[in-house]
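Commentary on secondary and tertiary structure
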Amino acid sequence: MLRMSGVNAFQGVRFKIMLVYLLLILFAMELIGAYFIQSLNQYILRNYEHTIAHEAQFLANVFSTPLGSFADQGTAIRQFVRPFSEVAGSSVYILDKDGTVVGTSANPFLVGQKRVDPEVTGALLGLQSQEIAVDPQTGSRQLYLALPVKYKGQVVGAVEFVAPMDAVYRSISRIIILFATGTLFALGLTAVLAVIIARTITGPITAVTRRARALAGGDFDQKVEIYSNDEIGELASTFNMLAGRLRNAIASTEQEKSRLQAIMSTMSDGVIATNGSDDILLINPAAAQLLQCTRSVLGAKLATVLPGKFSEGQIDVVELAEHTITVSVTALRERGQARGAKSGRVYVMRDVTEETRLEGARRRFVADVSHELRTPITTIKSYVEALLEGAMHDPSLTKRFLQVMDRETNRMTRLIRDLLQLSRLDAGYAVARKEPVDVSELFRGLAERFSLMAFRAGIRFETVLHGDAKVWIDRDQIDQVLDNVVSNSLKHTSANGHITVEASIDRNREVAVIRLADDGQGISANELPYIFDRFYRVDKARSRELGGTGLGLAIAREIIQRHEGEIYIESAEGVGTTARILLPLASRTVADGGVE
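**Remarks on the pairing of strand β16 (residues 498–506)**
One face of the sheet, then the other: side chains in a regular strand alternate in exactly this way. Strand direction decides the pairing type here: strand β14 (residues 460–466) and β16, joined by seven bridges, are parallel. Looking at β16, one finds that Leu465 is bridged to Ala503. Between β16 and the antiparallel strand that follows it, strand β17 (residues 511–518), lie four residues; Glu510 among them carries a positive phi value of about 60°.

And the structure:
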């Protein structure tokens, strides 16, 4: 017995396919039978038409003499054409050149009448015309055939046959019914065999398909029963092996995906993966936050969220909105892909805004400290040299020089004191000794310190208290904050100006709000974001003349933050400046367990 790949030949799919092909051939024979019927139909019709045409031609030859000589012999013509009419079962009309009936096998009363059929008209023009049409009186199909009668090359009349086609079509219908019956029987037998064979072949395949559909839906615990040792059985066995491997692969992939998602979600660096067309395939939360977008950008072009061109193997710096980020690119290549071809890219972004700012601040800090110290030291050295060169012998000059040296020394002392305080705040050594303090007491001390100073400067200084409460603060440190803020207002407010310090209590937020407003020169919108930077001066020349170090607001912010408070500066150039300081109430601190 033949064997095919370890499978019995009569059990294999090949044998079954051969059997199906045999059935298809049988079906093709039925199609050929239908074609045969069609051809037979055409043959019978052509043969019938040929017979009628042969008889008509014979009559046309008989009546080729001038038909006028038969004008009075209608009865003789009728007797002559009747045999032809009976043989064909048709009506015969003999017409003169005007289309008038001179003799007929049909109703004799038609003699002398004119035939207007299109076939007659064509015959009188010298053409043989025929057509199968429905008789409007009887409703049956008729063959209309007309031939010209010629005498010495001239058309002298016509012969028309009107033959019924019902008998012909009945014969054709009987033949069609016989073939249709045989065809239906063959089709029925073919259908029964096809169902049996299809069930044998497609049953296992249907089971495999059902299992595969469940597998595609995510149910990987699928197994197909093996019923035979043929190719279908091998397919089922292979499917079971594939399902097992796929189950293991999916489990491993899900595990790796979970790990990757956990890593991507917790990464501080932003990551974007794209395909070869730079469509975004993946974006982690850090990247979405950095680029201020959502996961809805998946599928969009990278340039919509990260403009610019980036090269592999190097780190590009991008200024994006208020952030400075570095972007490094790595190409993705699939296994077996040609060298140089890319299936996508991974963009790793890191926010270096704070690092850049701190590095710039460090450089500015070193430069500012050097500059701030160099100026007074240079001044003192110049005056010391002048005194040593003989100016000390002039008492008035010596006194003036010593006053300048004292002023510059005080300036350096303030600068070093502020630097030391900032250093202690940064290192956490400046411990705040907090205690409950009345806001009214703070305002009373503030008024005592600055009322006279404001009066001498020609500035109206006013304190307004909207309710009183205790705040949980280090009195000395908060006094320093208020002094720094009020001093800045005095320095930048012209004579006849107005400075108002008012306090209110926000019970909902459990804070005291201290608001200081002046109508001084104000701060431009470009400079406002930097006023808390160290050594930053809005009006550098005026600040130095008034002894400012540029560290007051930086110290104030550090102190307020260590008090769990907030400080805001709002300003408009030429309009004035408003500072808001929020300090926690002692009652809130008690509720939080901060006070014994």
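**So, the sheet that holds strand β4 (residues 101–104)**
Read from one edge of the open sheet, five strands run β4-β3-β7-β6-β5, paired in antiparallel fashion. The open sheet has two edge strands, β4 and β5 (129–134), and neither has a second partner. Ignoring strand direction, the axes of neighbouring strands in this sheet form an average angle of 20°. Of the pairings in the sheet, the one linking strand β3 (residues 91–96) to β4 comprises three bridges and is antiparallel in character. Looking at β4, one finds that Tyr93 is bridged to Thr104.

**Points about the packing of aromatic side chains**
Tallied over the entire structure, the rule returns one aromatic pair. A ring pair is formed by Phe450 and Phe461, whose centres lie 6.5 Å apart and whose planes are at 35°; its orientation type is tilted. Residue Phe450 is located in helix α9 (residues 439–456), and its partner Phe461 is located in strand β14; the two are separated by 11 residues in the primary sequence. Given a relative accessible area of 15%, Phe461 falls into the buried group.

**Concerning the nonpolar core**
In this structure, Phe461, Val471, Ile478, Ile514, Ile581 and Leu583 are the most contacted members of the largest nonpolar core, which totals 42 residues. Membership of the second largest hydrophobic core comes to 23 residues, among which are Tyr48, Phe63, Val102 and Val149.

**Some remarks on the pattern of salt bridges**
Opposite charge on two side chains makes pairing possible when the charged atoms of those side chains draw close. Summed over the entire model, instances satisfying the criterion amount to 13 salt bridges. Between Arg475 and Glu441 there is a salt bridge whose closest N-O contact spans 2.9 Å. Taken together, the positions of Arg475 in helix α10 (residues 475–491) and Glu441 in helix α9 put the pair 34 residues apart, joining distant regions of the chain. For the salt bridge of Arg562 with Glu558, the shortest nitrogen-to-oxygen distance reads 2.7 Å.

**Things to note about the sheet that holds strand β11 (residues 323–332)**
If you trace the five strands from one edge of the open sheet to the other, you get β9-β8-β12-β11-β10, paired in antiparallel fashion. With partners counted over all chains shown, the strands left at the sheet margins are β9 (280–283) and β10 (315–320), one partner each. Taken over all neighbouring pairs, the strand axes of this sheet differ in orientation by 25° on average, direction set aside. Judged from the six bridges that link them, β10 and β11 form a sheet pairing that is antiparallel. The residue of β11 that forms the bridge with Ile315 is Ser328.

**Some points on the side chain of Ser489**
Relative to the helices and strands, Ser489 is located in helix α10. Filtering out sequence-adjacent residues up to four positions away, Ser489 remains in contact with Ile499, Leu516 and Asp518.

**What to know about the pairing of strand β18 (residues 566–572)**
Only one face of β18 is buried: it carries Ile567, Ile569 and Ser571, and the other face, with Glu566, Tyr568, Glu570 and Ala572, is open. As judged from the seven bridges shared by β18 and strand β19 (residues 576–584), these two strands associate in the antiparallel manner. Opposite Ser571, over in β19, you have Thr577 as the bridge partner. What sits between the antiparallel neighbours β18 and β19 is a turn of three residues, in which Gly574 has the positive phi angle 85°.

**Thoughts on the packing of α10 against helix α12 (residues 552–562)**
Two elements in contact, α10 and α12, have axes whose closest approach is 9 Å; the angle formed by their N-to-C orientations is 145°. Classified by chirality, the crossing of α12 by α10 is left-handed. Taken together, the residues of α12 that come into contact with α10 (itself represented by Gln477, Ile478, Gln480, Val481, Asn484, Val485 and Asn488) are Gly552, Leu553, Ile555, Ala556, Ile559 and Ile560.

**Thoughts on α10**
Here α10 contains 17 residues, and its C-alpha end-to-end distance of 24 Å stays within 8% of the 24 Å for a straight helix at 1.5 Å per residue. Most of α10 sits inside the fold, with 13 of its 17 residues counted as buried. Sitting at the head of α10, Asp474 places a side-chain oxygen 3.2 Å from the backbone nitrogen of Asp476.

**Things to note about a nonpolar patch on the surface**
On the surface, Phe58, Val62 and Phe80 cluster together into a nonpolar patch covering about 240 Å² of accessible area. Checked against the element boundaries, Val62 lands in helix α1 (residues 13–62). For Val62, a relative accessible area of 34% puts it in the partly exposed group.

**Considerations on the packing of α9 against α10**
For the pair α9 and α10, interaxial distance at closest approach is 11 Å and the crossing angle is 35°. Once α9 is placed against α10, the crossing between them reads as right-handed. The residues of α10 that touch α9, namely those facing Glu441, Leu442, Gly445, Leu446, Arg449, Phe450, Met453 and Ala454, are Arg475, Ile478, Asp479, Leu482, Asp483, Val486, Ser487 and Leu490. Of the residues assigned to the contact of α9 with α10, the class counts are nine nonpolar, two polar and five charged.

**Concerning unusual backbone geometry**
For Asp278, which is not glycine, the phi torsion reads 65° and is therefore positive. Note that Asp278 resides in the loop between β8 (270–275) and β9. The phi torsion at Asn496 lies on the positive side, around 70°, for a residue other than glycine. Locating Asn496 in the fold gives a position in the loop between α10 and β16. Residue Asn496 is classed as exposed on the basis of its relative accessible area of 73%.

The rules we used
- Residues numbered from 1 in each chain as written.
- Predicted model: local features only at pLDDT ≥ 70, side-chain atom pairs only at ≥ 80, totals over all residues.
- Heavy atoms only, no water.
- Pairing = 2+ DSSP bridges.
- Helix = DSSP H or I, 4+ residues; strand = E, 2+ residues; numbered from the N terminus.
- Axes fitted to C-alpha atoms, helices over the stretch in contact; angles between N-to-C directions.
- Phe/Tyr/Trp six-rings, centres within 6.5 Å; stacked < 30°, edge-to-face > 60°.
- Buried < 20%, exposed > 50% of the residue type's maximum accessible area, 1.4 Å probe, protein only.
- Core = buried A, V, L, I, M, F, W, Y, C linked by side-chain atoms within 4.5 Å.
- Salt bridge = Lys/Arg side-chain N within 4 Å of Asp/Glu carboxyl O.
- Contact = heavy atoms within 4.5 Å.
- Left-handed = near helix turned anticlockwise from the far one by under 90°.
- Expected span 1.5 Å × (residues − 1).
- Polar contact = N/O pair within 3.5 Å; in protein donor to acceptor, adjacent residues only side chain to side chain.
- Patch = residues over 30% accessible without salt bridge, like charges linked within 9 Å, V, L, I, M, F, W, Y side chains within 5 Å.
- Areas by Shrake-Rupley, 256 points an atom, 1.4 Å probe, with all protein chains shown as cover.
- Nonpolar A, V, L, I, M, F, W, Y, C, P; charged D, E, K, R; others polar.

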